[in-house]
Structures are given as C-alpha cells and as structure tokens.
Amino acid sequence: MNYKLDDLFVYGDTWAFTHIPKNAGANFKLRWRQQNNIRDNRNYTLEQRMLFHQPAKWARLNYPELTGKQFIAITRNPYSRMVDWFVFIEQIHAWGWTKDPLAKSFEEFVKEDYLSRLSGFEQFAWKPQDPQVNWVEQNMKTFRMEDQLEELEEYVQCKFKDTRFNSMNYGDWREYYTDELRHFVWNRYSEDFIKFGYEKWT
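As the structure is a computational prediction, the values presented were derived from the model and not from experiment. (Residues numbered from 1 in each chain as written. Predicted model: local features only at pLDDT ≥ 70, side-chain atom pairs only at ≥ 80, totals over all residues. Heavy atoms only, no water.)

Trainee: Explain the sheet that holds strand β1 (residues 15-18) to me, please; I cannot follow it from the model alone.
Mentor: Within a sheet, adjacent strands bond to each other through the backbone by hydrogen bonds, running parallel or antiparallel. Pairing is parallel in the open sheet, where three strands are placed in the order β1-β2-β3. At either end of the open sheet lies a strand with only one pairing partner, and these are β1 and β3 (141-144). Direction aside, the axes of adjacent strands within the sheet are offset by 30 degrees on average. When strand β2 (residues 70-75) meets β3, the two strands line up parallel, connected through four bridges. (Pairing = 2+ DSSP bridges. Helix = DSSP H or I, 4+ residues; strand = E, 2+ residues; numbered from the N terminus. Axes fitted to C-alpha atoms, helices over the stretch in contact; angles between N-to-C directions.)

Here's what the structure looks like:
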C-alpha cells in the first residue's frame, strides 16, 4: 500500500469514518482535518479518491491500527443520492476522469442501471451501484445526512454542517423524478430505505 493511513481515512481516538460515496463525506473529512491540524493538500490521485471509499473490513486489513475503533458512516436518502450520482458523473466526464459514454438523460441513467456499467472499479472492494448497506457492518454507527449531522458533530466533536465542500447545485432533486423512476429507485435500493429509515416516495 503506497498511502499512509492519514492519506485515506479520518479517525479519532475511538472511531474511524467509512466514506460511503455521494453522502457528504468529503466535507466532513476536510473540516475534521482542518480542525485537527492534519495537512490536506487536495492533490489526490484518482486511485486515492477511489480508495477513500473502501469499506471498514478493507481498512482494518490494510491499516491494523484501526482495529478496535468504532466505525461510523453518513447515509443518505437514495432518491437524492441517485440524482447526485447523475450530476457527478457528468462533472467527472467533463474533467476527463472517465471515458465512459454519458447517459442521455436521468431516465436512461436510472432505467439502464448506468452505475453498474462504469469501468475502472475492478481493483476496489466497492462498486458505484452498490447499495449503502454494503458499507455498513454490524454495530456500525450511522448518521442520516438529512437530519442527524448534528449528532455526528457531537459524536466526533467537530463542526462541519456550516460548509458544503464538494457539493453540487442542481436544484430540487425531486424535479428529476417521474412516478416510474421513483419505483425503479425504490426497488433497486429498498434495503437502504428500510435499514436507514427513509420513506418510500408515493
């Protein structure tokens, strides 16, 4: 492994953070590093960006010093998370990070399970299309992005809700949906809705 622990993960004396992609983890990690005087020059390699999202089991295997810490994670409403993925893929395509053809619309993105067709993830222990439950192991503490971030701030003793680093402006995510697309997302990610307490949009 060519990366030091601090290059990939943030952690405290008793906890370590699992970064589920598209769930506001970048903002939390940046603020934690700033408030704890940990250097973060933001010059990440693409491989490093993918390794950020490796699950807790991988983290403990490759960095044994994390063993015994309470792993924590931020979860997100699957409906809004899917829109965020859609806009993010368009953004990284413009940056040249991916050469995969873009979906022509959000409808195609959802119906054709676009995330499952992305290339370049073979070496990682996660895939973009994975449900959030794949990152969450037994006894992990999770905090909903929508209404539990203050609890997370208290738990880690770090304020970060006042900033939105790495967020994207795309308006109201509900406007992307039709009744049919709502059902697609519910059926594909029903485990996430149920486990993390998100309501089915009817």
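Trainee: Got a minute to help me understand the pairing of β2 in this structure?
Mentor: The side chains of a regular strand alternate, first on one face of the sheet and then on the other. When you tally the buried positions in β2, you get five out of six residues, the bulk of the element. In the sheet, β1 pairs with β2 via four bridges, with the strands oriented parallel. Residue pairing in the sheet places F17 in a bridge with I72 of β2. (Buried < 20%, exposed > 50% of the residue type's maximum accessible area, 1.4 Å probe, protein only.)

Trainee: Help me understand the packing of aromatic side chains, please; the structure alone is not making it clear to me.
Mentor: Aromatic ring pairs are described here by two measures, namely the spacing of the ring centres and the angle between the planes. Overall, the coordinates contain 28 aromatic pairs when judged by the stated rule. Arranged with centres 6.4 Å apart and planes meeting at 70 degrees, the rings of F121 and F124 form a pair that is edge-to-face. Judged by its relative accessible area of 8%, F124 falls in the buried class. Following the ring pairs from residue to residue traces out a cluster consisting of Y79, F86, F106, F109, Y114, Y170, W173, Y176, Y177, W186, F193 and W201. Between the NZ or CZ atom of R182 and the centre of the ring of W201, over which it lies, the distance is 4.4 Å. (Phe/Tyr/Trp six-rings, centres within 6.5 Å; stacked < 30°, edge-to-face > 60°. Lys NZ or Arg CZ within 6 Å of the ring centre and 35° of its normal.)

Trainee: When you look at the nonpolar core in this model, what are you seeing that I'm missing?
Mentor: When a protein is soluble and globular, its nonpolar side chains tend to lie buried together. If you look at the biggest cluster of nonpolar residues, it comprises 51 residues, and the most contacted ones within it are M82, I89, F106, F109 and Y177. At the level of elements, α1 (5-8), α3 (46-51), α4 (56-62), β2, α5 (78-95), α6 (106-111), α8 (179-188) and α9 (190-196) are the ones that each hand at least two residues to this core. Of all the elements, α5 adds the most residues to this core, at nine residues. Discounting chain neighbours no more than four positions away, the residues touching F109 are M82, W85, F86, I89, A103, Y114 and L115. Listed in part, the 13 residues of the second largest apolar core include W15, F28, L152 and C158. (Core = buried A, V, L, I, M, F, W, Y, C linked by side-chain atoms within 4.5 Å. Contact = heavy atoms within 4.5 Å.)

Trainee: In this structure, what is going on with the pattern of salt bridges? I would like to understand it.
Mentor: It is possible for side chains bearing opposite charge to pair when their charged atoms get close. Per the stated rule, a full pass over the model turns up 12 salt bridges. The partner of R31 in a salt bridge is D162, and the shortest N-O contact between them spans 2.7 Å. Here D162 lies in the loop between α7 (149-156) and α8 and R31 lies in helix α2 (residues 25-35), a separation of 131 residues in the sequence. Note on D162: relative accessible area 59%, which makes it exposed. Ionic pairing is found between K111 and E180, a salt bridge with its closest N-O pair at 2.8 Å. Highlighted residues: K111 in helix α6 and E180 in helix α8, separated in sequence by 69 residues. (Salt bridge = Lys/Arg side-chain N within 4 Å of Asp/Glu carboxyl O.)

Trainee: Would you take a moment to explain the packing of α5 against α8 for this structure?
Mentor: Working note: a packed helix pair is described by the angle between its axes plus the distance between those axes. Where α5 contacts α8, the two axes come as close as 10 Å, and the packing angle between them is 105 degrees. Compared by their axis directions, α5 and α8 come out roughly perpendicular. Contact residues: α5 offers P78, Y79 and M82, while α8 offers R182, V185, W186 and R188. In terms of residue class, the contact of α5 with α8 is made up of five nonpolar, no polar and two charged. (Parallel < 35°, antiparallel > 145°, perpendicular 65-115°, else oblique. Nonpolar A, V, L, I, M, F, W, Y, C, P; charged D, E, K, R; others polar.)

Trainee: Looking at this structure, how should I read unusual backbone geometry?
Mentor: Leaving glycine out, the prevailing phi sign among residues is negative, and the prevailing peptide bond configuration is trans. Positioned with a positive phi, D113 is a non-glycine residue whose angle comes to about 50 degrees. Considering the arrangement of structural elements, one finds D113 in the loop between α6 and β3. Phi at N139 takes a positive value of approximately 75 degrees, unusual for a residue other than glycine. Position of N139 among the secondary structure elements: in the loop between α6 and β3.

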